[in-house]
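Structural overview
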Amino acid sequence: MKTDDTLVRDYLATVERESAALPPAARQELMADLNEHIEVARAERPDDIRTILREMGDPRTIAGTALLELGVAAGPAAPRPRRPRSPAWVPLALLLIGSVVVYAGEHVLLAWMSLAMRITAVVMVCRSHHWIPARKWTGLAVAVVLPVLMNVTWYLAVVAPGNDAVIDDWRVPGAVAGIVLTVAGVGWLWHTRQDRARARS
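Summary of the structure given here. (Residues numbered from 1 in each chain as written. Predicted model: local features only at pLDDT ≥ 70, side-chain atom pairs only at ≥ 80, totals over all residues. Heavy atoms only, no water.)

**Considerations on the overall build of the protein chain**
For clarity, the threshold we go by: Each helix is a run of DSSP H or I of at least 4 residues and each strand a run of E of at least 2, with the numbering of both proceeding from the N terminus. Each residue is assigned to one of three classes by its accessible area relative to the maximum for its type, calculated with a 1.4 Å probe on protein chains only: buried under 20%, partly exposed between the two thresholds, exposed over 50%. Throughout, a contact is declared for two residues whenever any of their heavy atoms are within 4.5 Å.
For the protein chain, the count of helices and strands is 9 helices and 0 strands. Each helix and strand of the protein chain, placed in order from N terminus to C terminus, yields the pattern α-α-α-α-α-α-α-α-α. The buried share of the protein chain, taken over its 201 residues, is 32%. Looking at the protein chain alone, contacts between residues at least 24 apart form 68% of all its contacts between residues at least 6 apart.

**Digging into the side chain of S19**
Under the convention used in this document: The term polar contact refers here to a pair of N or O atoms within 3.5 Å; inside protein, the definition further demands a hydrogen-donor-capable atom paired with an acceptor-capable atom, and it admits residues adjacent in sequence only when both atoms are side-chain atoms.
Following the sequence through the fold, S19 ends up in the loop between helix 1 (4-18) and helix 2 (24-44). At 2.8 Å, the side chain of S19 and the backbone oxygen of V15 are in polar contact. Leaving out residues up to four positions away in the same chain, S19 has contacts with R27, L30 and A63.

**Regarding the packing of aromatic side chains**
Quick reminder of the rule: Two aromatic rings from Phe, Tyr or Trp, using only the six-membered ring of Trp, form a pair when their centres are within 6.5 Å; if the ring planes differ by under 30 degrees the pair is stacked, by over 60 it is edge-to-face, and anything between is tilted. A positively charged side chain is recorded as over a ring if its NZ (Lys) or CZ (Arg) lies within 6 Å of the ring centre. The angle to the ring normal must also be within 35 degrees.
Following the criterion strictly, the structure yields 0 aromatic pairs and no others. Here K136 stacks its cationic end above the ring of W137, 5.3 Å away from the centre of that ring.

**A short note on the packing of helix 1 against helix 4 (residues 59-70)**
The cut-off we apply is this: To obtain each axis, a line is fitted to C-alpha atoms, and for helices this fit is confined to the stretch in contact; angles are then taken between N-to-C directions over 0 to 180 degrees. Orientation categories follow fixed angle ranges, with anything under 35 degrees roughly parallel, anything over 145 roughly antiparallel, 65 to 115 roughly perpendicular, and all other angles oblique. A clockwise turn of the near helix away from the far one marks a right-handed crossing, whereas an anticlockwise turn of less than a right angle marks a left-handed crossing. Note that Gly is not counted as nonpolar here; it falls among the polar residues with everything else outside the nonpolar set of Ala, Val, Leu, Ile, Met, Phe, Trp, Tyr, Cys and Pro and the charged set of Asp, Glu, Lys and Arg.
For the pair helix 1 and helix 4, interaxial distance at closest approach is 8 Å and the crossing angle is 40°. In this view, helix 1 runs oblique relative to helix 4, as classed from their interaxial angle. Crossing hand, helix 1 versus helix 4: right-handed. Between helix 1, through Y11, T14, V15 and E18, and helix 4, the contact on the second element is made entirely by P59, R60, I62 and A63. Grouping the constituent residues of the contact of helix 1 with helix 4 by class yields 5 nonpolar, 1 polar and 2 charged.

**As for helix 6 (residues 108-127)**
Defined as follows: Helix span, expected: 1.5 Å multiplied by one less than the number of residues in the helix. Starting at the helix axis, one direction is taken to each C-beta atom, and the arc is that of these directions.
Taking 1.5 Å per residue, 20 residues should reach 28 Å; helix 6 reaches 29 Å between its end C-alpha atoms and fits that length. Residues of helix 6 that are buried: S114, M117, R118, A121 and V125. Along the axis of helix 6, the buried positions cluster into a sector of 95°, meaning they face one direction only. Opposite the buried face of helix 6, at more than 90 degrees from it, the exposed residues are V108, W112 and R127.

**Here's the deal with the nonpolar core**
Where we set the bar: Grouping buried Ala, Val, Leu, Ile, Met, Phe, Trp, Tyr and Cys residues that are joined through side-chain atoms within 4.5 Å yields what is termed a nonpolar core.
Ranked by internal contacts, the top residues of the largest apolar core, which has 19 residues, are Y11, L12, V15, L22, L30 and L34. Top contributing element to this core by residue count: helix 2, with 6 residues. When neighbours within four sequence positions are excluded, Y11 is seen to be in contact with I38, L53, M56, G57, P59 and I62. Of all hydrophobic cores here, the second largest spans 11 residues; its members include A88, L95, V125 and A143.

**Some remarks on the environment of W137**
Checked against the element boundaries, W137 lands in helix 7 (residues 133-159). Once the C-alpha coordinates of W137 and V122 are considered, the two residues, 15 residues apart in sequence, prove to be 9.7 Å apart.

**Some words on the environment of D5**
By the secondary structure assignment, D5 is in helix 1. Residue D5 is classed as partly exposed on the basis of its relative accessible area, which comes to 45%. Along the chain, D5 and I49 lie 44 residues apart, while their C-alpha atoms are 9.0 Å from each other. In this structure the side chain of D5 is engaged in a polar contact, spanning 3.1 Å, whose partner is the side chain of R42.

**Quick look at a nonpolar patch on the surface**
So the rule is basically this: Here the term patch refers to residues with relative accessible area over 30% and no salt bridge, with like charges joined within 9 Å and nonpolar side chains (Val, Leu, Ile, Met, Phe, Trp, Tyr) within 5 Å. Reported accessibility uses the Shrake-Rupley method at a 1.4 Å probe radius. Residues are deemed covered only where the shown protein chains occlude them. Here, a salt bridge means any side-chain nitrogen of Lys or Arg that lies within 4 Å of a carboxyl oxygen of Asp or Glu.
There is a patch of nonpolar side chains on the surface, built from V108, L109, W112, M113, L115, I119 and V123 and spanning about 670 Å² of accessible area. By the secondary structure assignment, V123 is in helix 6. Its relative accessible area of 42% is what places V123 among the partly exposed residues.

**Examining the environment of L7**
Secondary-structure assignment places L7 in helix 1. What makes L7 buried here is its relative accessible area of 14%. Distance from L7 to L53, taken between C-alpha atoms, is 8.6 Å for residues 46 residues apart in sequence.

Any link to function would need more than the numbers given here.
As structure tokens, this is what we get:
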């Protein structure tokens, strides 16, 4: 019976063999990504390696998808350059800035800027491979959904009725609570990112 390490080694060797048509740099990046995903998953579920490899997908499918993304046909056609991935800190910075901008003044443009930053950050996180899929939704819920619900409640329950006394009393606590929630969500996302340096440690 094969050991877990042998199963992983055989799986990666099959992927590397099936992706032989990829340029060396692209193949190296693909193998590094697969390695880090497997290592992170094994750290969480050390006794479930067969299920992990099944979830990763068939090696031929992985290689075929990588070939399609690069536009590599059957032959030595020149691949299209891949767009580099944004660093993990970019969407997190957008979330933090967006959480502060909305409280910088009462102009409606600031609220729209904050919403645009949050939407951009959510799209970047959803499309990025920096985070474990099962965990990034928790960070997004805390950093985006809860503060946005607080903002909507603030405008509907306090600002819209025009009660100036209540607005003055709750402006600072509301701003602090929204920023604290965003910081907590960003901290969670930063802690659960799966960059190579962390995956190898």
